[in-house]
Amino acid sequence: MKFHIRTYGCQMNERDSEAIGALLIKHGNTPTPREWEADLVIVNTCSVRKKAEDKALGKLGLLVAGKGDHPERIVGAMGCMVQRLRNSIFERVPGLDFAVGTHSLSNLPNVVDLVTRKNTPVIDAGDGKEECPDVLSIHEQCAVTAFVNILLGCDRRCSYCVVPSVRGQEWSRPAEHILEEIREMVSSGVREVTLLGQSVMSYGRRNEVWPNAHASPRGFKEPLARLLEAVNTIQGIERIRFTSGHPSGCTPELVQAMAELPAVCGHLHLPLQSGSDRILKMMRRGYTVDDYRRAAARLRKTIPGIALTTDVIVGFPSESAEDFDMTRKIMAEISFDNSFIFKYSSRPNTAAAEWNDTVSPEEKLIRNKNLLAEQNKRSTAINRELIGTVVEVLATGCSKRNPSRWSGRTRTNKIVVFEPPEGIRPGTTLKVDIERAGAQTLYGIAIPPAPQGAPAKQGTEHD
Ligand code: SAH
Ligand code: SF4
Ligand code: F3S
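Throughout what follows, the structure given in this document is the object of discussion. Keep in mind that what you see is a predicted model, and the values were worked out from it rather than measured.

Turning our attention to the site of ligand 1. Every one of the 15 residues lining ligand 1 counts as a neighbour, but Gln198, Pro271, Gln273, Asp311 and Ser345 are closest to it. At 3.1 Å, a backbone N or O of Tyr160 approaches a nitrogen atom of ligand 1. Within the side chain of Arg285, a nitrogen or oxygen atom sits 3.4 Å from an oxygen atom of ligand 1. Bound to the protein, ligand 1 loses 90% of the 550 Å² it would expose on its own. Every element with two or more residues in the shell around ligand 1 is listed here: β13 (307-314) and β14 (338-343).

Before going further, it helps to examine the nonpolar core. Within the largest apolar cluster, 67 residues are counted, with the highest numbers of intra-cluster contacts made by Ile182 and Phe242. The next biggest cluster of nonpolar side chains, apart from the first, holds 21 residues, and it includes Val41, Met81, Leu85 and Phe90.

What follows concerns the sheet that holds strand β7 (residues 145-149). To summarise the sheet geometry, strands pair through backbone hydrogen bonds and adopt either a parallel or an antiparallel arrangement. One open sheet holds the three strands; their spatial order is β7-β10-β11, and the pairing between them is parallel. With one partner strand each, in any of the chains shown, β7 and β11 (239-243) form the two edges of the open sheet. Within the sheet, the average angular offset between the axes of one strand and its neighbour, ignoring direction, is 20°. Two strands pair when backbone bridges link them, and β7 and strand β10 (residues 192-196) are joined in this way by five bridges, in the parallel orientation. Pairing of Phe147 across the sheet is with Thr194, part of β10. Sitting on the sheet, helix α1 (residues 11-26) touches β7, β10 and β11, and the angle it makes with β7 is about 100°. Here helix α7 (residues 175-187) sits on the sheet and contacts β7 and β10; the angle it forms with β7, its principal contact strand, is near 165°.

This paragraph deals with the pattern of salt bridges. Side-chain pairs of opposite charge can arise where the charged atoms are in close proximity. Applying the stated criterion across every chain, the model contains 33 salt bridges. Glu181 is the salt-bridge partner of Arg173, the closest N and O atoms lying 2.9 Å from each other. For the pair Arg173 and Glu181, one class covers both residues: buried. When the shortest N-O distance is used, the salt bridge between Arg239 and Glu192 registers 3.8 Å.

For the rest of this paragraph, the subject is the packing of aromatic side chains. The final tally for this structure, using the stated rule, is five aromatic pairs. Geometrically, the ring pair formed by Tyr160 and Phe316 is edge-to-face, given 6.3 Å between the ring centres and 85° between the ring planes. Placement of the pair is Tyr160 in the loop between β8 (151-152) and α6 (163-167) and Phe316 in the loop between β13 and α12 (321-334), with a sequence separation of 156 residues. Accessibility expressed as a relative area gives 0% for Phe316, which makes it buried. Between Phe316 and Trp355, the ring centres sit 6.1 Å apart and the planes meet at 75°, which makes this aromatic pair edge-to-face. Of this pair, Phe316 sits in the loop between β13 and α12 while Trp355 sits in the loop between β14 and α13 (361-384), and the two are 39 residues apart along the sequence. By the ring-pair criterion, three or more aromatic residues cluster together here, those being Tyr160, Phe316, Tyr344 and Trp355. Taking NZ or CZ as reference, Arg436 lies 4.1 Å from the ring centre of Tyr443, over its face.

Attention shifts here to the sheet that holds strand β16 (residues 406-409). Spatial ordering of the closed barrel is given by β15-β16-β17-β19-β18, a layout of five strands whose pairing is mixed. If you compare each strand with its neighbour and ignore which way they point, the axes differ by 50° on average. Here four bridges tie strand β15 (residues 390-398) to β16, and the two strands are oriented antiparallel to one another. Residue pairing across strands places Cys398 opposite Trp406, the latter belonging to β16.

Attention now moves to helix α5 (residues 108-118). Every buried residue of α5 is accounted for by Leu108, Pro109, Val111, Val112 and Val115. Summarising the axial view, the buried residues of α5 lie within an arc of 160°, below the 170-degree limit, and thus occupy one face. Every exposed residue of α5 that faces more than 90 degrees away from the buried side is listed here: Arg117 and Lys118. Here the buried face of α5 lies against α1, β3 (40-45), β4 (74-79), β5 (98-100) and β6 (122-124). Just beyond α5, the residue with positive phi is Asn119, at close to 55°.

Cut-offs and rules
Residues numbered from 1 in each chain as written. Chains lettered and ligands numbered in written order. Predicted model: local features only at pLDDT ≥ 70, side-chain atom pairs only at ≥ 80, totals over all residues. Heavy atoms only, no water. Near = heavy atom within 4 Å. Polar contact = N/O pair within 3.5 Å; in protein donor to acceptor, adjacent residues only side chain to side chain. Areas by Shrake-Rupley, 256 points an atom, 1.4 Å probe, with all protein chains shown as cover. Helix = DSSP H or I, 4+ residues; strand = E, 2+ residues; numbered from the N terminus. Core = buried A, V, L, I, M, F, W, Y, C linked by side-chain atoms within 4.5 Å. Buried < 20%, exposed > 50% of the residue type's maximum accessible area, 1.4 Å probe, protein only. Pairing = 2+ DSSP bridges. Axes fitted to C-alpha atoms, helices over the stretch in contact; angles between N-to-C directions. Contact = heavy atoms within 4.5 Å. Salt bridge = Lys/Arg side-chain N within 4 Å of Asp/Glu carboxyl O. Phe/Tyr/Trp six-rings, centres within 6.5 Å; stacked < 30°, edge-to-face > 60°. Lys NZ or Arg CZ within 6 Å of the ring centre and 35° of its normal. Arc of directions from axis to C-beta.

Following this line, the structure appears as C-alpha cells:
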C-alpha cells in the first residue's frame, strides 16, 4: 500500500509518526508525500488543547468524507486522542477504519491487516498491556537529525495537562537500548539527536537505567548527565539536544555536563508557564518564579551563550491583569530567545477543569498577542546581535520557501538560511557569516571550507 501520515502535536508525536512510517515500510508499504494518492492515510492526533483536537477531528472527517472518491482507502487515527477518547472516537468520526493508541504503536500493521481482511473498524488502545513496554526503536533512513525517546509518560500531573493521562506513567528506557539505537543511526548518517521526554530531566529517576557495574568516566551520578556523557562518546555524533526541561532538573551536575560535553548543544527549552507564583502553584508546576530565575542564572553562568526558549500559558483560571503583568516582566528579565505562547484550554479530567475558566476568550487573545509581539521584538533584537558574526550550521537541506537556498540550524537551535556552497550535502557542517536576521530566521553567506593542505578547522572533540 501507499501510505501517508499527517502529524499534529509535539515532537513525541513526530517521533511516533516516523517510527510507524519505518514499520510500515518494513512491512512492504511505500510512503507518499501526496495524501490524495495514498491507500492508507493515518492522522497522528494531539489532545493538549481543544483546538488541536478540533483540527485532527476536522481532518479525519474530511478524509472519511473523501472516501466517496477513494472507496478502497483506509483512514486511521493514532496518538493521544485515541488514548483519551478510546471507542468514542468512532462516534466522533463515523466511518473511521481504525484507531491505535500511544501504547500500541507496534501493533499498527496488524490492525491495518485486520481492517483489510475483516472490513470492520478496529481499535487498540493498549488496554491490558504490561505497564512499561519499550518503544519502537526503528527509524527511517537518510535523516541528518533524529528524535530518540528516552523517557515515556509523565508523572508530574500539572493541573491543566492531559498528557499524563494519555501517555501514562513515567518509564525510562535502559541507557544501553538508547545508546544502541543512536549508534546505529549515527553509523547511517545521523549527526544530531534530540533526546525526548515530557519532563526529560526525570530520566532514570523512577526506574533503573544503568547496570550496577557501569561507572561514569567523569564521575557523574545523575542518570541524565551519565547518558549525555555516554552519547557524547559515540563516534560521529556532532550534536546532542534534549527536551523538555524543568527548573528542578537543572542541577549543578547536569549543567556542568552540558557545559563540558562538546557535543551537547548550547540550547535548552525550559517551560516557564507563568510568572506569577500564585498561578504556578495552582498549575502544580513545583517551582516558584525565583526557582526558575536561579535555574536560568546557573545555565547562563556555566554555559556562556546558551539560548533559552520557553512555553507560556495565558488566561489560566483566575489569572488577573497583575498575574499576567508578572509573566510579562519575568519574560523580559530572562530575555528568552524564543517562546511558544498558548491560550489556556480546559481539558476534561484534569484538575484545572474543575475551576472556572474565568478569563474570556477575547482577553486570552489580547494577552497572547501582547506576549507574542514582545517576544518578536526581543527575538529580533537578540538575533540581530549575531549579524557580522560567524555561526556553525548543520545543513539539513534546501529551504522550504526558496529551494535555491539551503537551511540548517545553529548549535543554539536557530534556523539559518544561506546560499549553498558547491558540494554541500545534508549533514555538512559549515560556517555561515550572518548578514540579516528576523525573529525566527538568520540569513547569511557560507564561508568556503579551508583549502586542502591548510590546517583543518577545529571540529567537535570527543573523548
Ligand atoms: N512536557 C512539556 C510540555 C508538554 S505540552 C513540559 O511540561 O514542559 C506543551 C505545552 O503546551 C506546555 O508546556 C504548555 O505550555 C502547553 N499546554 C499544556 N496543556 C495546556 C492547556 N490545557 N492549555 C493551554 N496550553 C497547554
Ligand atoms: Fe504536562 Fe506538566 Fe507533564 Fe509537561 S510536565 S507533560 S505540562 S504534566
Ligand atoms: Fe499532544 Fe500528546 Fe504531545 S497530547 S503535546 S501529542 S504528548
